[in-house]
Amino acid sequence: MSVPSAPAPPAPADRPDPVLAAERAHLLRAADCLTTMRAAAVSVTDAGVDAWASERLGAARAERLLALAADPGVPAFFGRTDSAGDPRPETFHIGRRHVRDAAGDPVVIDWRAPMSRPFYQASAAEPQGLLRRRRFGFADGELTSYEDELLADGQDDGGAGELLRQEIERPRSGPMRDIVATIQPDQDDIVRAPLAESICVQGAPGTGKTAVGLHRAAYLLYTHGDQLARTGVLVIGPNRAFLRYIEQVLPALGEVEVDQATVASLTARVTVRAQDEPAVAVLKGDPRMAEVLRRALWGGIRKPVESVQVMLSGRKYRIGEDRLKRFVDDLRRAGTSGVDDQQLVHYAAGRERLAMGLAEYARRLKEAGGGSPTDAETRRAARSAEVRAFCDAVWPAVDAAGLVHDLFTDPERLARAARGVLTEEEQALLHWPRPPRSVRAARWTAADAVLVDEVAGMLERVPGYGHVVVDEAQDLSPMECRAIARRLGAGSLTVLGDLAQATSPWSVADWAQTLTALGRPATTVRPLTRGYRVPGEVLDFANRLLPALAPGLAPATAARREPGALRLRPVGTLAGPLAEVVGELAALAGSTGVVCADASVPEVVGVLAAAGLDVAPLADDGAAPARVSVVPAGLAKGLEFDHVVVVEPAAIVAAEPRGLHRLYVVLTRAVSSLVVLHHADLPDLLVEA
C-alpha cells in the first residue's frame, strides 16, 4: 500500500477545505438521489393484469424498498477511486449500493461492481489504472475527514492508513457490521470467486472469515441475481446467538432475501428433549449411519409372492408374479444405485412409480386387445384399492421418525441393517433400553434429529439452494454435513472455519472428510492468516496453544499491535477483582463479554449483579447480547466483543474433552483488550518459559 497522507486537518473557519466541502456536497447529492429512487419505487403502479401479476409486483416492490431502505448511520459512500482519463481523471465513489441520478448516471458505484474492484486490489506495485484511492472518515453520519493514497508514484510502505486502521478498530456494540470499507485484497479474492466455485476458508481468529463469507453471498446475489432469485442463498451458523449477531450484515448491503438457519433448525423434524453421551453422539454422527439407515429403509421392501389384478375401464387385468418382481427390482435399483442424489429415485417416488407402472402395464394389455384407455382412467387404476393394497404389502409407506424409532427399539432390526457396518458394541450404544410409548413421546436428541432428516431425505428430495454459506464448519459431524449437502443440490458452497477452533467430539485434523461429507471433495482450501481485528498481543498469547491444537496450521499474524491489550491477572479470590475489572471496562466505549465455563455463568452473573453492574447472561435463544454480557464458553464461537474478560481458564479447559480448543476460541474474541482472571494455574502452554 502506498504512503497515505494524513487525514485532512481542520481548516480555519474562513478557509474551509475545498476537497472536504466538495465531498460533503456529493454526499448530500447521493442522499437526495437515493430518496428519489425510493420515491420512484413507491410510485410503481399495478396495471391490474391479473392477481398473480399483482402479487409478484407487490413482492418485487417491497423487496426493492427494503433494498433501498435508508440507514441514517450509514453514509452513501465510503471511498473513491480516481483513474487516468482524457482529458481528466475518471472519478467513482464507492458505496454499499448503486445510486444514480435522474438521468440514470451513476452517483455511487456498488462495491460489488467490476469497476469497484481496484478500490480493494490496487497497490503502488500494481495500481490497476488508479492514480488515487481516497477513504473517508465519518462521525454520526457526517463526513469529517478524508485520506488519499497516491498509487501512481510507486511508493509502498506496506502499512495501513490511519482511517483504515480506525475503521477496523472501531468499537462494536450490538450486531456484526459489514466490512465493505475495509475489505483487504486476500479477502476480496474470496468474496469475488465465481458462483460455480466452492471454496473452503481456513481462517485464523480475527481474519474476517465470517464477514468474507457473508460478503461473498452479497456479491453472488448482485452478480447472479436472476439465477439465485430462483434457487436462493442459505447461511448456516452454529447457533441462534450467532445468527442474531450476523443478521444485519446482508440487509445493510441491500440483500434481504437470504435464509439463515442452524443445522438444528434445518433438521427439526422431531422435538429434541434429551442429550446424548459423547460416545453415542460421535457414533450417531458417523457417516456409516447413512448406510445403516439406507439398508433399514430399502430393506423393508418385500418381494411379490403372488399375482395382482388391476381394474382398468371396468375390466380386470392380471399381472404375473415374475413381472411384478421385475417392476420392484428395477425401481429398487434406481433408488439405491444412482450416481448422485439428482439421479436417485427417492423412496416415496418409487412407491408412486410402482403404482403407476402397474396401471401402465394394464393399459398396454388393454391396448393390445384393441382398447384405448384414457390417461385419466390409467391414473384412476394407479389409485385403485387393488394397486394400493399391493404397494402397501410390497413397498410400504414409511415415516422417517418412525423408522429411526423402530431401529433403536428393535435390536434384531438394527442388527440386520448394521450387519458388517457397526460392531455389536456400537449397536448396543444405539439401543433404547426403555422404548417410549410412541414416536411422539420419544426423548429425541439433536443427533437423532439429523438421522431422522437423513431418512426424510431418502424418502423425498429436499429442494436445493443455489449457494450455501456454512460457518464454523469444523464442528460439523459427517451426518450434519450430509444434511447440509441435501439442501445444496447442484449449487456451490462457501465453507468457513478454523481447525484450531474445533471443539466438537467429531472434529477432524484436516478439511478432507468434512468437504467429502458436504458433497464437494474437490473444494479448494484457501487460508486466511492475517488477523485484522484481534490485537497482536492477544493473538501471540492464544497462539501458544496452537502446537497442541493443530500442529500443521500456521499461526495467525496481526495487522496491528496495541500495547496493554493483554492483561494476565492472578487473584486469590475472583469476586472482588472480577467486579472491579468489569466495572472498569463497562465504562469504556464498545461491548464487553465476560466469558466463563458454562456451569459458572449463574455464579458470575450473581457476583456482578451484587456489585451493582448491569449485566445479562447470553443464551442461545436468538436474543441480542447486552452491552455487558456474561457468555458461556460454549456460545462464544463466532462472536466478537471490544473487551473480553476470561474467568478461570482452567475451568474452561476442564469442562469438556476438547477444552483446550475451547479456550483458544475464548481467548480470541477480543477486538481491543483481553483480561484473564485466574485463581487456578494457567495451562502450561500459556505460561512463558
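Residues numbered from 1 in each chain as written. Predicted model: local features only at pLDDT ≥ 70, side-chain atom pairs only at ≥ 80, totals over all residues. Heavy atoms only, no water.

**Q** Could you clarify how one ought to interpret the overall build of the protein chain in this entry?
**A** Along the protein chain, the regular secondary structure elements total 28 helices and 22 strands. Expressed as a percentage of the 689 residues in the protein chain, the buried residues total 50%. When contacts within the protein chain are restricted to residue pairs at least 6 apart in sequence, those whose partners lie at least 24 apart make up 74%. Entry remark: accessible area of the protein chain is about 30800 Å², with carbon and sulfur atoms responsible for 53%. (Helix = DSSP H or I, 4+ residues; strand = E, 2+ residues; numbered from the N terminus. Buried < 20%, exposed > 50% of the residue type's maximum accessible area, 1.4 Å probe, protein only. Contact = heavy atoms within 4.5 Å. Areas by Shrake-Rupley, 256 points an atom, 1.4 Å probe, with all protein chains shown as cover.)

**Q** Please explain the sheet that holds strand β19 (residues 616-617) as it appears in this structure.
**A** Working definition: the strands of a sheet are paired by backbone hydrogen bonds and lie parallel or antiparallel to each other. Ordered in space as β17-β22-β21-β18-β20-β19, the six strands form an open sheet in which the pairing is parallel. What marks the edges here is a single partner per strand, and that holds for β17 (566-570) and β19. Bridging between β19 and strand β20 (residues 628-632) involves two bridges; their strand directions are parallel. Opposite A616, over in β20, you have S629 as the bridge partner. Lying over the sheet, helix α28 (residues 659-667) contacts β18 (592-596), β21 (641-647) and β22 (670-678), oriented at roughly 145° with respect to β21. (Pairing = 2+ DSSP bridges. Axes fitted to C-alpha atoms, helices over the stretch in contact; angles between N-to-C directions.)

**Q** I tried to follow the packing of aromatic side chains on my own but got confused; where do I start?
**A** Overall, the coordinates contain 10 aromatic pairs when judged by the stated rule. Between the aromatic rings of W298 and Y347, the centroid separation amounts to 5.3 Å while the plane-to-plane angle is 70°, which identifies the pairing as edge-to-face. Separated by 49 residues along the polypeptide, W298 in helix α12 (residues 288-298) and Y347 in helix α14 (residues 347-368) bring together distant segments of the chain. Through pairs of rings, three or more aromatic residues link up here, namely F77, F136 and F138. (Phe/Tyr/Trp six-rings, centres within 6.5 Å; stacked < 30°, edge-to-face > 60°.)

**Q** Would you take a moment to explain the pattern of salt bridges for this structure?
**A** When their charged atoms lie close together, side chains carrying opposite charge are able to pair. Inspection of the entire model under this criterion finds 43 salt bridges. Among the salt bridges present, the one from E247 reaches R244, with a minimum N-O distance of 2.8 Å. Given the relative accessible area of 28%, E247 is considered partly exposed. Overall, R244 belongs to the partly exposed group, its relative accessible area being 29%. (Salt bridge = Lys/Arg side-chain N within 4 Å of Asp/Glu carboxyl O.)

**Q** Explain helix α6 (residues 209-223) here, please?
**A** In an α-helix, one full turn covers 3.6 residues, which means residues spaced three or four apart are oriented alike. Between its first and last C-alpha atoms α6 spans 21 Å; for 15 residues at 1.5 Å apiece the expected length is 21 Å, and the two agree. Most of α6 is tucked away, with 13 of its 15 residues classed as buried. (Expected span 1.5 Å × (residues − 1).)

**Q** Is there a simple way to think about the nonpolar core in this case?
**A** If you look at the biggest cluster of nonpolar residues, it comprises 78 residues, and the most contacted ones within it are L354, L358, L407 and V468. Top contributing element to this core by residue count: helix α20 (residues 446-459), with eight residues. Leave out the neighbours within four places in its chain, and L358 touches V308, V310, I319, L324, F327, V387 and F390. (Core = buried A, V, L, I, M, F, W, Y, C linked by side-chain atoms within 4.5 Å.)

**Q** Mind showing me how you'd approach unusual backbone geometry here?
**A** Phi is mostly negative for residues that are not glycine, and the peptide bonds are mostly trans. Residue S313 is not a glycine yet carries a positive backbone phi of 55°. One can find S313 in the loop between β10 (308-312) and β11 (315-319). Within the chain, E472 stands out as a residue other than glycine whose phi angle is a positive 50°. Take E472: it is sitting in the loop between β12 (467-470) and α21 (478-488). For E472, a relative accessible area of 4% translates into the label buried.

**Q** Would you mind showing me how to read helix α16 (residues 385-394) here?
**A** When we look at burial in α16, the residues that qualify are V387, F390, C391 and V394. In a view along the axis of α16, the buried residues occupy a sector of 95°, so they form one face of it. Considering only its buried residues, α16 is in contact with β10, α13 (321-336), α14 and α15 (375-382). (Arc of directions from axis to C-beta.)

**Q** Teacher, can you tell me more about the UniProt feature "binding site: ATP" (unreviewed entry) in the protein chain here?
**A** UniProt's feature table lists "binding site: ATP" (unreviewed entry) at G203, A204, P205, G206, T207, G208, K209 and T210, given in the numbering used throughout. If you trace the backbone, G206 turns up in the loop between β7 (199-203) and α6. Relative accessible area serves as the criterion here: at 15%, G206 is assigned to the buried category. In contact with G206, not counting residues within four places along its chain, are R530, G531, Y532, R533 and V534. With sequence-adjacent residues up to four places away left out, T210 is seen in contact with M176, F242, I246, D471 and L496. (UniProt positions renumbered as here; feature names shortened; annotations may be inferred.)

**Q** Just to check I follow, could you spell out the pairing of β18 for this structure?
**A** Taken across its five residues, β18 has five buried, putting it largely inside the fold. Across the two faces of β18 the burial is the same, with T592, V594 and C596 and G593 and V595 all buried. Alignment of β18 against β20, held across five bridges, turns out to be parallel. In the strand pairing of β20, T592 is matched with V628.

**Q** Is there a simple way to explain the environment of D110 in this structure?
**A** Relative to the helices and strands, D110 resides in strand β4 (residues 106-110). Taking the C-alpha atoms as reference, D110 lies 9.4 Å from L253; in sequence the two are 143 residues apart. Those residues in contact with D110 that lie beyond four places of it in its chain are G95, R96, R97, H98, S116 and Y222. Within polar-contact distance, the side chain of D110 engages the backbone nitrogen of R112 at 2.9 Å. (Polar contact = N/O pair within 3.5 Å; in protein donor to acceptor, adjacent residues only side chain to side chain.)

**Q** Just checking my understanding: could you explain the sheet that holds strand β8 (residues 233-237) for this structure?
**A** The strand order β9-β8-β12-β13-β7-β14 describes an open sheet built from six strands, whose pairing is parallel. Unpaired on one side and paired on the other, β9 (259-262) and β14 (524-528) mark the two borders of the sheet. The sheet shows a mean angle of 20° between the axes of neighbouring strands, direction not considered. Pairing between β8 and β12: four bridges, direction parallel. Counted as the bridge partner of V233 is H467 from β12. Along the sheet, α6 contacts β7, β8, β12, β13 (492-497) and β14; its crossing angle with β13, the most-contacted strand, is approximately 165°.

**Q** Can you walk me through the side chain of Q427 in this structure?
**A** The topology assignment puts Q427 in helix α19 (residues 424-430). Apart from residues lying up to four places away in sequence, Q427 is in contact with L414, A415, A418 and L422.

**Q** Please explain the confidence of the model for the protein chain as it appears in this structure.
**A** If pLDDT is low for a region, its predicted coordinates should not be looked at in detail. In the predicted model, the protein chain carries a mean pLDDT of 89, and 90% of its residues have values of at least 70. A low-confidence stretch, residues 1-6 stays under pLDDT 50, and its non-local contacts, those more than four residues away or across chains, total 30 contacts. (pLDDT = per-residue confidence, 0-100.)

**Q** I'm lost on the pairing of β11 in this one. Help?
**A** For a regular strand, side chains alternate in direction, first toward one face of the sheet and then toward the other. As paired strands, β10 and β11 are joined by five bridges and run antiparallel to one another. The residue of β11 that forms the bridge with M311 is K316. In textbook terms, the turn of a hairpin is the stretch between consecutive antiparallel strands, and for β10 and β11 this stretch comprises two residues, one of which, S313, has a positive phi near 55°.

**Q** Could you clarify how one ought to interpret the packing of α12 against α20 in this entry?
**A** Running from N to C, α12 and α20 point in directions that differ by 50°, and their axes come no closer than 10 Å. It follows from the interaxial angle that α12 and α20 lie oblique. The two elements α12 and α20 meet at a crossing, and its hand is right-handed. Across the interface between the two elements, M289, A290, L293, R294 and L297 from α12 touch L451, E454, V455, M458 and L459 from α20. Tallied by class, the residues present in the contact of α12 with α20 amount to eight nonpolar, no polar and two charged. (Parallel < 35°, antiparallel > 145°, perpendicular 65-115°, else oblique. Left-handed = near helix turned anticlockwise from the far one by under 90°. Nonpolar A, V, L, I, M, F, W, Y, C, P; charged D, E, K, R; others polar.)

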